[in-house]
Amino acid sequence: MTGVRVHTTLPVRVLIGPGARHEIPAEVRRLGARQVMVVATPSAGQATDELVSALGPLFGARFDRPVVHTPVAVTAEAMRLVEGTGADLVLAIGGGSAIGLGKAISSRTGMPQIAVPTTYAGSELTPTLGETTDGVKTTRRDPALAPGTVVYDPELTLSLPARLTLTSVMNALAHAVEALWAPDASAVSDAVATGAAEVILTELPGSLAKLSDVSVRARLQEASWLAGLALAQTSMGLQHQLAHVLGAAYDLPHAELHTILLPHVMAYNLPGAPRAAARLARITGADPVSVVSQLTRAVDGPANLAALGVPRADLVDLARRTVAAPYPNPRPVDVAAVTHILTQAW
Ligand code: NAD
């Protein structure tokens, strides 16, 4: 350990604000593209229809069956469509699943990307892509994977139901919390992660009652932008590893998993991460674990791993798989500790 750390900032053009989506055709032209391959989350169908008509002759093709955890078989299906068109730019609109597929297509073709997120998952800002083959998720990191343009239009998030809003924001909070205890945290990642955590922990309870207010949605989207930057700049630990292992093994929704796991991973990690613990305590003015735990229950939904259908008999094996190739984590992980965390979350 020399004490020298490396901080990388990725170049990205961010268009943000209500109505930002209307700038997309101009952005496509600015990038010199002529045929856009659109990858869309079905729930963002109406916004996608409008986008396709605004693109006019710039529209090339549309694939609207992205699947969570980016299965390679689905990417292969989308690639057949790409190959049948003269697409020279990929635009992903929707949640992290659509954005992951956009990254997978871009990595196979070299096409530039525009990402238009409609959840708070943060993938649009990161140089990472997790792809799944036979229930095993493999993550790779390459600056070329990060979209060059991100369009944050809070109006596109108005249709996110309350439960999805809560879990997706908890996914953003998980990025911020893990960035705070990351071994490669820097002054910059600490600042953006703290900013994200502050908005989420202090404003989310009130925001949940006003989700049809665009200015409330804009604040949550800003928090997700900050959390995504924190995610892009640091190594994720046990929280993300468990979400990846469980999500790929049982094909579970990513944001629900983060929501269920976060208080338990925080309870385990914070005693080994005093700086992160102090920052979170300063923001919450209370015990961060109980504040987060309460927040996860603010909107009804699956409350534990049992409710998501994870078999209790699998927990030790899941812990073994986690410990076999651990992500960097502030406290050492062993089978007993991970089994305990999973049992608490179960
Ligand atoms: P998702 O994309 O699967 O979307 C979750 C649900 O929200 C879906 O049912 C979708 O149809 C619905 N939805 C999306 N936008 C909506 C809207 N505006 N209105 C109504 N419904 C809407 O899930 P996600 O949580 O956004 O993303 C999870 C995926 O992203 C996982 O594969 C995860 O691994 C990946 N991810 C990757 C990174 C990264 O840095 N590589 C970061 C975060 C997440």
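What you see is a predicted model; the values in this text were computed from it and never measured.

Student: Mind showing me how you'd approach the overall build of the chain here?
Tutor: Along the backbone of the chain there are 14 helices and eight strands. Relative to the globule expectation of 20 Å for 346 residues, the C-alpha radius of gyration of the chain, 19 Å, shows essentially globular dimensions. Counting only C-alpha atoms and orienting by the principal axes, one finds that the chain spans roughly 55 × 45 × 40 Å. Within the chain, contacts between residues separated by at least 24 positions form 76% of all contacts whose residues are at least 6 apart in sequence. Accessible surface, the chain: about 13900 Å² in total, of which carbon and sulfur atoms supply 56%.

Student: When you look at the site of the ligand in this model, what are you seeing that I'm missing?
Tutor: Taken together, 22 residues lie near the ligand, and Ser43, Ser97, Thr118, Thr126 and Lys137 sit nearest. Backbone polar atom of Thr128 to a nitrogen atom of the ligand: 3.0 Å apart, as the coordinates give it. For the ligand, a nitrogen atom lies 2.8 Å from a polar atom in the side chain of Ser159. Look at the ligand: alone it shows 860 Å² of surface, and the protein chains cover 84% of it. Of all the secondary-structure elements, those providing two or more residues to the shell around the ligand are helix H4 (96-109) and helix H9 (254-269). The residue inventory of the shell around the ligand, partitioned by class, reads seven nonpolar, 13 polar and two charged.

Student: Before we go on, may I ask you to explain the packing of aromatic side chains in this structure?
Tutor: Each aromatic ring pair is summarised here by two numbers: the centre-to-centre distance and the angle between the ring planes. Enumeration according to the criterion identifies one aromatic pair in this entry. On the basis of an interplanar angle of 40° and a centroid distance of 6.0 Å, the ring pair of Tyr152 and Trp225 is categorised as tilted. Placement of the pair is Tyr152 in strand S8 (residues 149-152) and Trp225 in helix H7 (residues 214-233), with a sequence separation of 73 residues. When its relative accessible area of 1% is taken as the criterion, Tyr152 is described as buried.

Student: What is the right way to read the sheet that holds strand S2 (residues 36-40) from this model?
Tutor: In a beta sheet, neighbouring strands pair by backbone hydrogen bonds and run either parallel or antiparallel. Pairing in this open sheet of six strands is parallel, and the strands run S1-S8-S5-S4-S2-S3 from one edge to the other. Pairing within the sheet leaves two strands with one partner each, and these edge strands are strand S1 (13-16) and strand S3 (59-63). Between one strand axis and the next, the sheet turns through 15° on average, direction left out of account. Relative to strand S4 (residues 89-94), H4 is tilted by about 170°, and along the sheet it contacts S2, S3, S4 and strand S5 (113-117). The strands touched by H7 within the sheet are S1, S5 and S8, with S1 carrying the most contacts at an inclination of about 170°.

Student: Where do I start with the environment of Arg140 in this structure?
Tutor: Tracing the backbone through its elements, the reader meets Arg140 in strand S7 (residues 136-141). When the C-alpha atoms of Arg140 and Gly130 are compared, they prove to be 6.4 Å apart, with 10 residues separating the residues in sequence. Not counting chain neighbours up to four residues away, the residues in contact with Arg140 comprise Ser107, Arg108, Pro127, Thr128, Leu129, Glu131 and Leu145. At 3.1 Å, the side chain of Arg140 forms a polar contact with the side chain of Ser107.

Student: Explain the domain arrangement of the chain here, please?
Tutor: How big an interface is tends to be stated in terms of the accessible area lost upon association of its parts. In terms of domain boundaries, the chain breaks down into domain 1 (13-157) and domain 2 (162-345). Here domain 1 and domain 2 have C-alpha centroids that lie 25 Å from each other. At the interface, 25 residues of domain 1 touch 29 residues of domain 2. Both faces combined, the contact of domain 1 with domain 2 buries some 2000 Å², and carbon together with sulfur accounts for 62% of it. Considering only the side of domain 1, the residues that lose the most area to domain 2 are His69, Tyr120 and Leu125, jointly responsible for 33% of the buried surface there. On inspection of domain 1 and its partner domain 2, the count reaches six residue pairs in polar contact (both at pLDDT 80 or more). At the level of secondary structure, the elements contributing two or more residues to the side of domain 1 that touches domain 2 comprise S1 and S7. Per element, the largest residue contribution to the side of domain 1 that touches domain 2 is four residues, and it comes from S7.

Parameters and conventions
Residues numbered from 1 in each chain as written. Predicted model: local features only at pLDDT ≥ 70, side-chain atom pairs only at ≥ 80, totals over all residues. Heavy atoms only, no water. Helix = DSSP H or I, 4+ residues; strand = E, 2+ residues; numbered from the N terminus. Rg over C-alpha atoms; globule rule 2.2 N^0.38 Å. Contact = heavy atoms within 4.5 Å. Areas by Shrake-Rupley, 256 points an atom, 1.4 Å probe, with all protein chains shown as cover. Near = heavy atom within 4 Å. Polar contact = N/O pair within 3.5 Å; in protein donor to acceptor, adjacent residues only side chain to side chain. Nonpolar A, V, L, I, M, F, W, Y, C, P; charged D, E, K, R; others polar. Phe/Tyr/Trp six-rings, centres within 6.5 Å; stacked < 30°, edge-to-face > 60°. Buried < 20%, exposed > 50% of the residue type's maximum accessible area, 1.4 Å probe, protein only. Pairing = 2+ DSSP bridges. Axes fitted to C-alpha atoms, helices over the stretch in contact; angles between N-to-C directions. Domains from an automatic or database assignment. Buried area = accessible area lost by both parts, 1.4 Å probe.

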